[in-house]
Amino acid sequence: MKILYVISDCNIGGAGVLLCNILRNIDRKRFRCSVALPYGSELRERLLALRVPVRELENPCDRFSPASVWELSGVIREASPHVVHANAALCARIAGKLCGKKVVHTRHCCFPVEQSGNPLVRAAERMGNRLLSDRVIATAQAAAVNLEQLGIPRSEIRVIVNGSEPVRPVEEGELNEWRRRLRLDAQDFCVGICARLEPCKGHETFLRAAAIAVGRMPHRRFRFLIVGEGSQRRKLEGMIRAMGLEDVVRLTGFVSDMAPIYRLLRVNVNCSCGTETSCLAISEGMSASLPTVASSYGGNRAMIGNDGAGICFPVGNATALAEALCRIASDPALEQSMRQAAYRRYSSRFTARAMTRRLEKLYLSL
């Protein structure tokens with residue numbers, strides 16, 4: 001069975017990492033996979049390393065464009081897949097249907113559906129959503145609710161929670177090199193947020209909580225790592241200076257291999273205030289036995305669960321986040337029990353292998 005994946009990302013974001021997780025675990029004897037992506041995408045080298053054929057696109061495919069539909073129609077006719085699996089690539093869904101293929105697309109985000117505007121336009125969007133995909137994957141139950149609000153019939157939605165590869169072990173020598181690079185000591189209690197530096201990820205809440213935690217536990221050697229790049233970097237740098245947090249906050253930039261970062265952390269934080277479904281940074285952290293403190297937005301609460309793997313706090317509430325961090329930092333027994341629960345939860349729910357098996361069944365059902 002041949003699958004053509006179409007991804008619109010030029011950077012290596014969550015959708016790209018997820019696609020690599022799928023391609024590492026899919027049964028290559030049963031499924032022949034190829035990928036179409038924008039020219040110059042940073043994801044290209046990772047896909048080639050996985051020995052997956054890649055087709056680079058000249059036209060952006062995330063929004064409607066006749067040129068992109070025409071280009072993708074040519075790619076689809078050449079590849080002759082049984083299934084076209086689009087992510088945010090609207091033009092791939094249109095081209096797939098024009099070429100008579102089965103089309104799957106994945107809903108990676110979760111946000112309140114806009115109910116205002118022209119009712120005729122909304123009706124057209126709902127009809128388009130119904131006609132352009134044979135199945136729609138929701139990466140969390142919260143995303144499935146979104147899809148129903150967008151006009152997708154419940155019968156066409158499949159909830160397949162994102163799965164992660166386990167974080168690799170890291171030798172002490174490599175950890176020491178990262179400590180040197182980030183100006184850390186082995187005694188530091190490192191708290192990290194691993195996300196694009198965009199408003200929806202809630203980094204301002206993270207910084208406000210950092211200031212509160214440092215004030216409440218001045219003798220605890222807190223260090224706060226902000227891992228990622230994005231449009232908010234300068235704003236966050238300004239906040240760090242204004243709040244006097246230069247000694248305790250580290251902006252690492254984009255990190256291609258996250259294993260050393262996860263192994264340095266004591267707590268993994270998600271402050272999302274928009275788009276979150278089943279966050280890969282949370283499941284990756286759980287695979288490294290990291291306690292998680294996450295906002296209650298979208299699918300976060302379902303990821304954390306009720307078995308002691310993490311703590312949820314109200315969206316945007318820096319005080320509640322700081323209280324959770326101080327609670328973990330002051331109670332070694334609690335930290336250890338959360339570590340054990342986090343790994344159990346990852347192993348039972350969030351592995352890339354289990355996710356890919358569910359996806360394979362979906363393809364075969366078409």
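Residues numbered from 1 in each chain as written. Predicted model: local features only at pLDDT ≥ 70, side-chain atom pairs only at ≥ 80, totals over all residues. Heavy atoms only, no water.

Here's the deal with the nonpolar core
By size, the foremost hydrophobic cluster in this structure holds 36 residues, and its most contacted members are V191, F224, V269 and V293. At the level of secondary structure, the elements contributing two or more residues to this core comprise β8 (189-194), α8 (203-216), β9 (222-227), α9 (233-242), β11 (267-270), β13 (310-313), α13 (318-329) and α14 (332-349). Among the elements that line this core, the one with the most residues is α13, at nine residues. The residues contacting V191, other than those within four sequence positions of it, are F206, F222, R223, F224, L225, L265, V267, V269 and L325. Within the second largest apolar cluster, 31 residues are counted, among which are L182, M258, A259 and L265. (Core = buried A, V, L, I, M, F, W, Y, C linked by side-chain atoms within 4.5 Å. Buried < 20%, exposed > 50% of the residue type's maximum accessible area, 1.4 Å probe, protein only. Helix = DSSP H or I, 4+ residues; strand = E, 2+ residues; numbered from the N terminus. Contact = heavy atoms within 4.5 Å.)

Looking at the packing of α8 against α13
Between two packed helices, what matters for the description is the angle formed by their axes and the separation of those axes. Their axes nearest at 8 Å, the elements α8 and α13 cross at an angle of 50°. Taken together, the axis directions place α8 and α13 in an arrangement best described as oblique. Helix-helix and strand crossings are classified by hand; for α8 and α13 the assignment is right-handed. On the side of α8, the interface is formed by T205, F206, R208, A209, I212, A213 and R216, while α13 contributes A318, T319, L321, A322, E323 and C326. Split into classes, the residues belonging to the contact of α8 with α13 amount to eight nonpolar, two polar and three charged. (Axes fitted to C-alpha atoms, helices over the stretch in contact; angles between N-to-C directions. Parallel < 35°, antiparallel > 145°, perpendicular 65-115°, else oblique. Left-handed = near helix turned anticlockwise from the far one by under 90°. Nonpolar A, V, L, I, M, F, W, Y, C, P; charged D, E, K, R; others polar.)

Details of the side chain of N21
Mapping N21 onto the fold places it in helix α1 (residues 14-25). Residues within four places of N21 in sequence aside, it is in contact with G163, S164, E165, L280, A352, M355 and T356.

Concerning the sheet that holds strand β3 (residues 54-57)
The strand order β3-β2-β1-β4-β5-β6-β7 describes an open sheet built from seven strands, whose pairing is parallel. Only two strands of the sheet have a single neighbouring strand rather than two, namely β3 and β7 (157-159). Strand-to-strand twist in this sheet, taken as the mean axis angle between neighbours without regard to direction, amounts to 20°. Sheet topology places strand β1 (residues 2-6) next to strand β4 (residues 83-86); four bridges connect them, and they run parallel. Across the sheet, I3 pairs through a bridge with V83, a residue of β4. (Pairing = 2+ DSSP bridges.)

Topic: the sheet that holds β8
Sheet architecture is open: six strands sit in the order β10-β9-β8-β11-β12-β13, paired in parallel fashion. Strands at the two margins of the open sheet, each flanked by one partner only, are β10 (249-253) and β13. Shown here is a sheet whose adjacent strand axes are inclined to one another by a mean of 20°, direction ignored. Here β9 pairs with β10 via four bridges, running parallel. Within β10, the position partnered with I226 by the bridge is L251.

Quick look at the pairing of β8
For β8, a buried count of six out of six residues is recorded, marking the element as mostly surrounded by other parts of the structure. By the alternation rule, side chains of β8 split into F189, V191 and I193 and C190, G192 and C194, which are all buried. Alignment of β8 against β9, held across six bridges, turns out to be parallel. Bridging across to β9, C194 finds its partner in V227. For the crossover that starts at β8, traverses α8 and ends in the parallel β9, the hand is right-handed. Pairing between β8 and β11: three bridges, direction parallel. Bridge pairing in β11 links I193 to V269. (Right-handed = clockwise from strand over helix to strand, strands pointing away.)

Note that every value here comes from positions in space, so none of it alone points to a role or purpose.
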